[in-house]
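# Structural characterization, general
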Amino acid sequence: MTNEELSTMVDTSDSWIQERSGIQERRIAAEGELTSDLATIAAERALGHAGVAPEELDLIILATATPDQTFPATAATVQARLGAKNAAAFDQQAVCTGFIFALTTADAYLRSGLAKTALVIGAETFSRILDWTDRSTCVLFGDGAGAVVLRAESGDGRVQDRGLLAIDLNTDGNLKELLYVDGGPSSTQTTGHLRMEGRDVFRHAVVNLAQTAQTVLDDLGVSGEEVDWLVPHQANLRIIDGAAKKLGVAREKVVITINRHGNTSAASIPLALATAVGDGRIQRGDLLLMEAMGGGMTWGAALMRW
Ligand code: ACO
């Protein structure tokens, strides 16, 4: 869906959306197409790239704020469709920070020995929870899915190791009114629509994204200049640029997909990863910095050697 199409639905324009957010178009799931459909496609492609059979998985974590149903977990549907009969599967919900939370959870399972091969998916159909009459929110979001396969390997505890090297996660529930959905099974018995105080979220994002990313850089003892790729959550091009500048990561090292995808919440980082791995920018051994923030408020960052 292009900005032009949107401007026939609400009082907005291509120039306003591009200037304020960097978005040119977003993808909308087809009628009847579910989060589990997008997640299954992403999962099959990730398994194919990794050369891992579904039966080898012992863990599936699906980060989503837009599940198919209240329960069961959408991850259970994906598990069945993949034929991943040996995998425990559950959803994890941290809205736009969901992929970093899910990656961290999977990493903890691998480190503890509870799992050996994990699939982490970020998948969303945000189009289903948008108020399509509210121009301040409906222009910003899109649908999508991405996935990664993680496998336990021993390293020697150095910066050169592959996998997740440093993680920082944060939540401040006092800020939940800044970005929420005004419905739910326990409160209204409806699904509800996304509501956002855009300016306040923006201010929060600029400060906290740079801070959480700097925390993981400091933990590993590397500088922003040593990062090969910044793979940020794609909420707003101005937020992405502001954080990259503060961290000292050059613009040409930032993976940007917001122009094509809009904000796909938990799917945005794995979609950006898939894009930059697919076009050959991200190579094995590269140091990746991921950062995200979202409803909760939640925010966090991870450093990963690809
Ligand atoms: N088209 C045209 N005009 C619009 C639109 C639109 N789609 N939306 C709002 N406006 C108007 C407003 O009404 C306002 O008009 P006014 O000055 O007459 O009141 C004017 O544009 C400016 O609005 P602001 O909200 O001040 O615009 P701002 O520059 O802050 O940009 C935006 C808005 C893009 C929402 C920005 O604040 C932002 O990106 N915030 C962060 C959002 C974010 O990151 N959300 C994702 C979090 S992740 C998750 O968990 C889902």
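Residues numbered from 1 in each chain as written. Predicted model: local features only at pLDDT ≥ 70, side-chain atom pairs only at ≥ 80, totals over all residues. Heavy atoms only, no water.

Cis peptide bonds are those with omega within 30 degrees of zero, and the linkage from Phe71 to Pro72 qualifies with 5°. Tracing the chain through its elements places Pro72 in the loop between β1 (59–63) and α4 (74–82). Cis geometry is found at the peptide bond from Gly296 to Met297, where omega equals -15°. Despite not being glycine, Gln189 has its phi angle at roughly 60°, a positive value. Position of Gln189 relative to the elements: it lies in the loop between β6 (179–181) and β7 (194–196). (Helix = DSSP H or I, 4+ residues; strand = E, 2+ residues; numbered from the N terminus.)

In this section: the pattern of salt bridges. Tallied over the entire structure, the rule returns 11 salt bridges. Residue Glu56 is joined to Arg151 by a salt bridge in which the shortest nitrogen-to-oxygen separation is 2.6 Å. Here Arg151 lies in strand β4 (residues 143–151) and Glu56 lies in the loop between α3 (35–50) and β1, a separation of 95 residues in the sequence. The exposure class assigned to Glu56 is partly exposed, which follows from its relative accessible area of 37%. Note on Arg151: relative accessible area 44%, which makes it partly exposed. Of the charged contacts in the structure, one is a salt bridge between Asp241 and Arg251, with a shortest N-O distance of 3.1 Å. In this pair, Asp241 is assigned in helix α8 (residues 237–247) and Arg251 in the loop between α8 and α9 (258–261), connecting sequence segments 10 residues apart. You can call Arg251 partly exposed: its relative accessible area is 46%. Several salt bridges converge on common partners, so that one network encompasses Asp131, Asp182 and Arg195. (Salt bridge = Lys/Arg side-chain N within 4 Å of Asp/Glu carboxyl O. Buried < 20%, exposed > 50% of the residue type's maximum accessible area, 1.4 Å probe, protein only.)

Attention shifts here to helix α5 (residues 98–112). Note on helix geometry: an α-helix contains 3.6 residues per turn, so any two residues three or four positions apart are oriented the same way. Here α5 spans 21 Å end to end across 15 residues, near enough to the 21 Å set by a 1.5 Å rise per residue. A large share of α5 lies buried, amounting to 11 of its 15 residues. A positive phi of about 90° marks Gly113, the residue just after α5. (Expected span 1.5 Å × (residues − 1).)

One can read the domain layout of the chain as domain 1 (3–151) and domain 2 (163–305). Each of domain 1 and domain 2 has a C-alpha centre, and these two points are 15 Å apart. Counting residues at the interface gives 43 residues for domain 1 and 43 residues for domain 2. Counting the surface lost from both domain 1 and domain 2, the interface buries some 3300 Å², and carbon and sulfur atoms represent 65% of this. It is Cys96, Ile100 and Ile129 that lose the most area in domain 1 upon contact with domain 2, and together they represent 19% of the buried surface on that side. Remark: the boundary between domain 1 and domain 2 carries one salt bridge. Asp131 is the partner of Arg195 in a salt bridge, and the nearest nitrogen-oxygen pair spans 3.0 Å. Along the contact surface separating domain 1 from domain 2 lie 16 residue pairs in polar contact (both at pLDDT 80 or more). At the level of elements, α2 (14–21), α5, β3 (117–125), α6 (135–138) and β4 are the ones that each hand at least two residues to the side of domain 1 that touches domain 2. By residue number, the principal contributor to the side of domain 1 that touches domain 2 is α5, which donates eight residues. (Domains from an automatic or database assignment. Contact = heavy atoms within 4.5 Å. Buried area = accessible area lost by both parts, 1.4 Å probe. Polar contact = N/O pair within 3.5 Å; in protein donor to acceptor, adjacent residues only side chain to side chain.)

Moving on, we come to the packing of aromatic side chains. Geometry of an aromatic ring pair is reported as the spacing of the ring centres plus the angle between the planes. In this structure the tally under the stated criterion is two aromatic pairs. Between Phe90 and Tyr109, the ring centres sit 6.3 Å apart and the planes meet at 40°, which makes this aromatic pair tilted. With a gap of 19 residues between them, Phe90 in strand β2 (residues 88–92) and Tyr109 in helix α5 connect regions that are remote in the sequence. With a relative accessible area of 27%, Tyr109 lands in the partly exposed category. (Phe/Tyr/Trp six-rings, centres within 6.5 Å; stacked < 30°, edge-to-face > 60°.)

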